[in-house]
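Observations on the three-dimensional arrangement
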Amino acid sequence: ITYRQLARDAEAEAALRRGIAMGESNQTNVSQTINLASRYEADGRYEDALAVLGGIGPTITQYGLAAWRTVKSCALAKTGKRSAALAEFAQLRKLGANYPSGLLEAQICLEDYDAAADTLVHGLKDPKRIPQMLLLLSEFDSLPANRPLSTLDLGLDKLRQRPEVAAAIAAAGGTRRFRVV
């Protein structure tokens, strides 16, 4: 992640590939594989993301499976394979409790802003999820690499403007702006 934030993309990809190659209990390193696919998806390399995701083996946690389906549904949506993306999303919904921010991200990728707003509003009413939702909706200064905003960030910008989301944010205590650079 640090390499990427410093705009050292080749080194970021190499580090993730090394992590994948190291494996995990004689299996594919699931988290590193999903991280690399996620980076490809964020960079608009959707076919590469789908190819990397195909390398995940049979042993995967429910959280890992939800993260995998999130990235896959987004990459499929961005390649114009909407019906396949919706099929992945249907499976992701069954796992939503394992990765609620992934459900939101997939809704944004699928441009279902009504459902995404509903997910946020419900999350902002759930005492267990309020901190995660407020952090997700908070704003951070741009990093020195000055990367374009991700699909998730662009979607969150749109969602923050919706009256029902703004009201839920206020009722949950409000978001913050972090100046970390």
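All of these numbers come straight from a predicted model, not from anything done at the bench. (Residues numbered from 1 in each chain as written. Predicted model: local features only at pLDDT ≥ 70, side-chain atom pairs only at ≥ 80, totals over all residues. Heavy atoms only, no water.)

Regarding its fold elements, the chain presents 11 helices and 2 strands. What you see in the chain, going N to C, is helices and strands ordered as α-α-α-α-α-α-α-α-α-β-α-α-β. Along the three orthogonal principal directions, the C-alpha set of the chain runs to about 45 × 40 × 30 Å. Looking at the chain as a whole, 39% of its 181 residues are labelled buried. Put simply, of all contacts in the chain between residues at least 6 apart along the chain, 60% involve residues at least 24 apart. In the chain, the 23 positive side-chain charges and the 20 negative ones have mean positions that sit 2 Å from each other. (Helix = DSSP H or I, 4+ residues; strand = E, 2+ residues; numbered from the N terminus. Buried < 20%, exposed > 50% of the residue type's maximum accessible area, 1.4 Å probe, protein only. Contact = heavy atoms within 4.5 Å. Lys, Arg positive; Asp, Glu negative; His and termini not counted. Charge placed at Lys NZ, Arg CZ, Asp CG, Glu CD.)

Moving on to the confidence of the model for the chain. For the chain, the average pLDDT comes to 87, and 93% of its residues sit at 70 or higher. In the model of the chain, helix H1 (residues 2-5) stands out as the element of lowest mean pLDDT, 71, in contrast to helix H11 (residues 163-171), which has the highest, 97. (pLDDT = per-residue confidence, 0-100.)

It is worth spelling out the layout of surface pockets at this point. Volume-wise, the second largest pocket comes out at about 220 Å³. Taken together, Arg93, Gly96, Ala97, Pro100, Leu103, Gln107, Ala115, Asp118, Thr119, His122, Gly123 and Arg129 make up the lining of the second largest pocket. Counting only elements with at least two residues in the lining of the second largest pocket, the list comes to helix H7 (100-109) and helix H8 (113-125). For the lining of the second largest pocket, the element with the most residues is H8, which contributes 5 residues. Across the lining of the second largest pocket, the residue classes tally to 4 nonpolar, 5 polar and 3 charged. (1 Å grid on protein atoms, 1.4 Å probe; cavity = no way out; pocket = protein on both sides within 12 Å on 5 of 7 lines; lining within 4 Å. Points joined across faces, edges and corners; volume = space filled by probe spheres on them. Nonpolar A, V, L, I, M, F, W, Y, C, P; charged D, E, K, R; others polar.)

Locating Glu88 in the fold gives a position in helix H6 (residues 82-94). You can call Glu88 buried: its relative accessible area is 11%. Separated by 3.4 Å, the side chains of Glu88 and Lys72 make a polar contact. Other than its neighbours up to four places away in sequence, Glu88 contacts Trp68, Arg69, Lys72, Ser73 and Leu76. (Polar contact = N/O pair within 3.5 Å; in protein donor to acceptor, adjacent residues only side chain to side chain.)

What follows is about the packing of helix H3 (residues 30-42) against helix H5 (residues 62-78). Between H3 and H5, the least distance of the axes is 10 Å, while the angle of their chain directions is 25°. By the criterion of interaxial angle, the relationship of H3 to H5 is roughly parallel. Seen along the crossing, H3 lies across H5 with a hand that is left-handed. Of the residues in H5, those touching H3 at Ile34, Ala37, Ser38 and Glu41 are Gly64, Ala67, Trp68, Val71, Cys74, Ala75 and Lys78. Here the residues of the contact of H3 with H5 sort into 7 nonpolar, 2 polar and 2 charged. (Axes fitted to C-alpha atoms, helices over the stretch in contact; angles between N-to-C directions. Parallel < 35°, antiparallel > 145°, perpendicular 65-115°, else oblique. Left-handed = near helix turned anticlockwise from the far one by under 90°.)

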